[in-house]
Protein chains: 2
Amino acid sequence: MVQEKRSVEVCFSPGLFEDVVTTGDFIVVLVDILRATTTIVTAVANGVEAIIPVATHDEARRLKSEGFLVATEKDGVQLDFADFGNSAFSFTREAIGGRTLVYCTTNGTRALHMARGASSIAIGAFINISALTEWLAGQQKDVVILCSGWKNKFCLEDTLFAGALTQRLLDTGLFRSDCDSASASLDLWKLAEGDVLGYIEKAAQRHRLKKLGLDDVIPYSFACDQVKVVPVFDGKLIKERVKGRS
Amino acid sequence: MVQEKRSVEVCFSPGLFEDVVTTGDFIVVLVDILRATTTIVTAVANGVEAIIPVATHDEARRLKSEGFLVATEKDGVQLDFADFGNSAFSFTREAIGGRTLVYCTTNGTRALHMARGASSIAIGAFINISALTEWLAGQQKDVVILCSGWKNKFCLEDTLFAGALTQRLLDTGLFRSDCDSASASLDLWKLAEGDVLGYIEKAAQRHRLKKLGLDDVIPYSFACDQVKVVPVFDGKLIKERVKGRS
C-alpha cells in the first residue's frame, strides 16, 4: 500500500496563520531565527528544565519576584530586574542547567498561543534542523512552518529556514508541498544556501541587530545541527521532547 | 541638492497590510494578476467609463436591477444574472466602452477599502507595468505594492509582479527598497523573468484556473505593456488616471 504523503505548508507571519490552517491534524514548527527560537533551542540543549514563555515585561517581573530565572530585554538591552537578555550565548549549562526559565517574547508567545489548535508545537532553528526533521518524519502529521517575522512582517531569515526545512522534509520522501509560500521559500533557500551569511546581509533584522551590537550571534544562528534537541510547547511550558546530545 | 529616495515596500497579503504601513504619504498599488487587476486594467483600457467594485453577489445583483452592467462569477462560473464573468477577454470595447461596470471581487474590494488611508490607490498588472512605473515615478510619494494573494495567502503570481515593479522603480534611480518582502520579490522575479510562464507552472492558482478551464488568460496576464492606462480608485469608483493608447 502506498501511503499518502503528508503536507508541508509555510506561513510567513502570525498575521496569516488563521488563513493558512485548514486541516485539524498538524504539527506547527515555530521559527524566529533572530533570535527567540535559536535562543530557546540553545537553552533546552543546555539542560534547562523548562521554559515559561510570557508576553509582557510585567508578567516576567512578577515571576522574577516568585524566584524564577528571567530572560527579557527591550530593544536589545537587558532589563534591570532580569537575569539574562535574549542572546543565545548567555544560556550556558552552568547558568540554566536544571532550572526553570521565564522567557519574555511578545511575538513568540502570541504565536505559541495562536498555534494551540495544533497536535504539537515544536521549536525550530538551524541549530536543531536535522533533529527536527528526523522527529517530524517520525510523526504521522502534516507540518505547518510558522515564521514569526518581525512585527508581523515577512522576514528573510525565517523564510530561509522554512525553505531549508521544507527541502529536508521533501528529501525524506514522506512529504509533499503544494503551497506557494513553500515554493518561494525553497527557491530563496536554493539561492542562499551556498553562502547564507552573505545572503542574509540584506535582511532588515541583520541590520537592526548590528546597530544594537547584537550581531555576534549571527554565524551561530545560521549554523546547522549544533544541537540535537527538539523542544515542544505543551500549552504552558517548553520542554525537551527528544533527549539528545548537545 | 540630492533628493531623498522614496521607499518601495511590498505587502504579500491584505492580512499583513495593517502592519506594513507606517508612513502617511504613500501610493498603494493593488495587485491581483490572476485575475482581478488584469481584468480591471483591460476594461479601463477598452474605454469603460468607470468601475464600481463591490464585495458581495447581493450588492452586484441589486446594482444589476438598477440597470448597471455587472461582472461576477463564483468558482469560475458566471452567475445567471451577470453580464460577464471575470475573464479579461470579455471586456471588449464593444461590450463596455462608455459604460459603467459593476465588478464583484470580495478580496479586491476589501483590499481597496483597507487601503483608503493612502494618497492614491492604483491598479497594477503586467499588462500596464510600464505606464504604471512612469506614473509612479512622476509622483512625490512612497509606494506600497499590495498583493491580493489568494484567500489572504501569499501567492507567487502577485509576488513576481511585485518584484518586476520594484525592479523597474529601482531602475529609475528615484526609489530605494529596504524591506525583506521587496528583497524576496526581486530575487524571485530574477529567477522567473527569463521564462515567466514556465516558472508560474508551479503556482497554485495556475492549477486552480486550469481545473476550471479558465487558464486561457494566463499568457496575456503575464505579457508586459499591452496597454498604457493607470486606473485609480477614488474611494468609490475605479477610473482611468492616465489617458493613453491601448
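Computed from a predicted structure; not experimentally measured.

Q: Kindly report on the overall build of chain A, identifying the contributing residues and their values.
A: Tallying secondary structure elements over chain A gives 11 helices and 12 strands in all. Relative to its 246 residues, chain A shows a buried fraction of 49%. Sequence-distant contacts in chain A: of pairs separated by 6 or more residues, those separated by 24 or more amount to 77%.

Q: Give me the lowdown on the interface of chain A and chain B, citing residues and values where you can.
A: Contact residues are listed per partner, giving 25 residues for chain A and 25 residues for chain B. Among the secondary structure elements, those contributing two or more residues to the side of chain A that touches chain B are helix H1 (17-20), helix H7 (156-171) and helix H8 (180-192) of chain A. In terms of residue count, the dominant contributor to the side of chain A that touches chain B is H8(A) (seven residues). Partitioning the side of chain A that touches chain B into residue classes produces 12 nonpolar, six polar and seven charged.

Q: Residues and numbers for the relation of the copies chain A and chain B, please.
A: The operation relating chain A to chain B is a screw motion whose rotation component is 180°, with 0.0 Å of axial translation and a residual RMSD of 0.0 Å. Both copies are brought into coincidence by an operation consistent with a two-fold rotation axis. Of every C-alpha in chain A, the one belonging to A:Gly15 sits nearest the axis of rotation, 3.1 Å from it.

Q: Can you break down unusual backbone geometry residue by residue, with the values?
A: A cis amide bond links A:Leu34 to the next residue, A:Arg35, at an omega of 10°. The topology assignment puts A:Arg35 in the loop between strand E2 (26-31) and helix H2 (36-45). Within the chain, A:Asn152 stands out as a residue other than glycine whose phi angle is a positive 75°. Along the chain, A:Asn152 falls in the loop between strand E9 (142-147) and H7. Looking at A:Asn152, the number of C-beta atoms within 10 Å reads 20, which means it is buried. The residue B:Lys151 is not glycine, and still its phi comes out positive at about 50°.

Q: Describe the pairing of strand E8 (residues 120-124) of chain B, naming the residues involved and giving the relevant values.
A: All names here are of chain B. Across the five residues that make up E8, a large majority, four, are buried. Pairing of strand E2 (residues 26-31) with E8, which is carried by five bridges, proceeds in the parallel orientation. Residue pairing for E8: Val-28 is matched across the bridge by Ile-121. Inspection of the sheet shows E8 paired to strand E11 (residues 231-233) by two bridges, in the antiparallel sense. Its bridge partner lying in E11, Ile-121 is registered against Phe-233.

Q: Requested: an account of the packing of helix H6 (residues 129-138) of chain A against H7(A), with residues and values cited.
A: Residues and elements named next belong to chain A. Two elements in contact, H6 and H7, have axes whose closest approach is 10 Å; the angle formed by their N-to-C orientations is 45°. Classified by the interaxial angle, the pair formed by H6 and H7 is oblique. The chirality of how H6 crosses H7 is right-handed. Of the residues in H7, those in contact with Ile-129, Leu-132, Thr-133 and Leu-136 of H6 are Ala-164, Leu-165, Arg-168 and Leu-169.

Q: Quick one: what's the story with the environment of B:Asp19, residue by residue and with numbers?
A: Position of B:Asp19 among the secondary structure elements: in helix H1 (residues 17-20). Classification of B:Asp19 by C-beta neighbours within 10 Å gives partly exposed; the count is 17. Setting aside residues up to four positions removed in sequence, B:Asp19 forms contacts with A:Gly15, A:Lys151, A:Asn152 and A:Lys153.

Q: Go over H6(A), please, and point to the residues and values.
A: Turn by turn, an α-helix covers 3.6 residues, leaving residues three or four places apart pointing in a common direction. Burial in H6(A) covers these residues: A:Ala131, A:Leu132, A:Thr133, A:Trp135 and A:Leu136. Those residues of H6(A) that are buried lie in contact with E2, strand E8 (120-124), E9 and H7 of chain A.

Q: Mind laying out the confidence of the model for chain A, listing which residues take part and the relevant values?
A: Confidence along chain A averages 92 in pLDDT terms, with 96% of residues attaining 70 or more. This prediction of the complex comes with two scores: 0.94 for pTM and 0.93 for ipTM.

Q: A description of the packing of helix H7 (residues 156-171) of chain B against helix H8 (residues 180-192) of chain B should follow, citing residues and the corresponding values.
A: All names here are of chain B. At a minimum axis separation of 7 Å, H7 and H8 run at an interaxial angle of 95°. Judged by the inter-axis angle, H7 sits roughly perpendicular to H8. For the pair H7 and H8, contact is made by Thr-159, Leu-160, Ala-162, Gly-163, Ala-164, Thr-166 and Gln-167 and by Ala-182, Ser-185, Leu-186, Leu-188, Trp-189 and Ala-192, respectively. A class-by-class count of the residues in the contact of H7 with H8 yields eight nonpolar, five polar and no charged.

Q: Kindly report on the nonpolar core, identifying the contributing residues and their values.
A: Counting 167 residues, the largest nonpolar core has A:Val29, A:Ile145, A:Leu146, B:Val29, B:Ile145 and B:Leu146 as its most contacted members. Here A:Leu146 is in contact with A:Cys11, A:Pro14, A:Phe17, A:Val28, A:Val29, A:Leu30, A:Val31, A:Ala111 and A:Ala115, once residues within four sequence places are set aside.

Q: Which residues make up H8(B), and what values do they have?
A: With 13 residues, H8(B) should cover 18 Å at 1.5 Å per step; its first-to-last C-alpha distance of 18 Å lies within 8% of that length. With 10 of its 13 residues buried, H8(B) lies for the most part within the structure. When we look at burial in H8(B), the residues that qualify are B:Asp180, B:Ser181, B:Ala182, B:Ser183, B:Ala184, B:Ser185, B:Leu186, B:Leu188, B:Trp189 and B:Ala192. Residues of H8(B) that are buried sit in contact with H7, H8 and helix H10 (204-211) of chain A together with strand E1 (6-11), H7 and helix H9 (196-199) of chain B.

Q: Give me the pairing of E2(A): which residues, what numbers.
A: All names here are of chain A. The buried fraction of E2 amounts to six of the six residues, a majority that puts the element mostly inside the structure. Burial of E2 is two-sided: the residues Phe-26, Val-28 and Leu-30 facing one way and the residues Ile-27, Val-29 and Val-31 facing the other way are all buried. Bridge analysis of E2 against E9 gives six bridges, and the strand direction is parallel. Looking at E9, one finds that Val-28 is bridged to Val-144.

Reading the values: rules and limits
- Residues numbered from 1 in each chain as written.
- Chains lettered and ligands numbered in written order.
- Predicted model: local features only at pLDDT ≥ 70, side-chain atom pairs only at ≥ 80, totals over all residues.
- Helix = DSSP H or I, 4+ residues; strand = E, 2+ residues; numbered from the N terminus.
- Buried ≥ 20, exposed ≤ 12 C-beta atoms within 10 Å, placed from the backbone.
- Contact = placed C-beta atoms within 7 Å.
- Nonpolar A, V, L, I, M, F, W, Y, C, P; charged D, E, K, R; others polar.
- Least-squares fit on C-alpha atoms with pLDDT ≥ 70 in both.
- Pairing = 2+ DSSP bridges.
- Axes fitted to C-alpha atoms, helices over the stretch in contact; angles between N-to-C directions.
- Parallel < 35°, antiparallel > 145°, perpendicular 65-115°, else oblique.
- Left-handed = near helix turned anticlockwise from the far one by under 90°.
- pLDDT = per-residue confidence, 0-100.
- Core = buried A, V, L, I, M, F, W, Y, C linked by C-beta atoms within 7 Å.
- Expected span 1.5 Å × (residues − 1).

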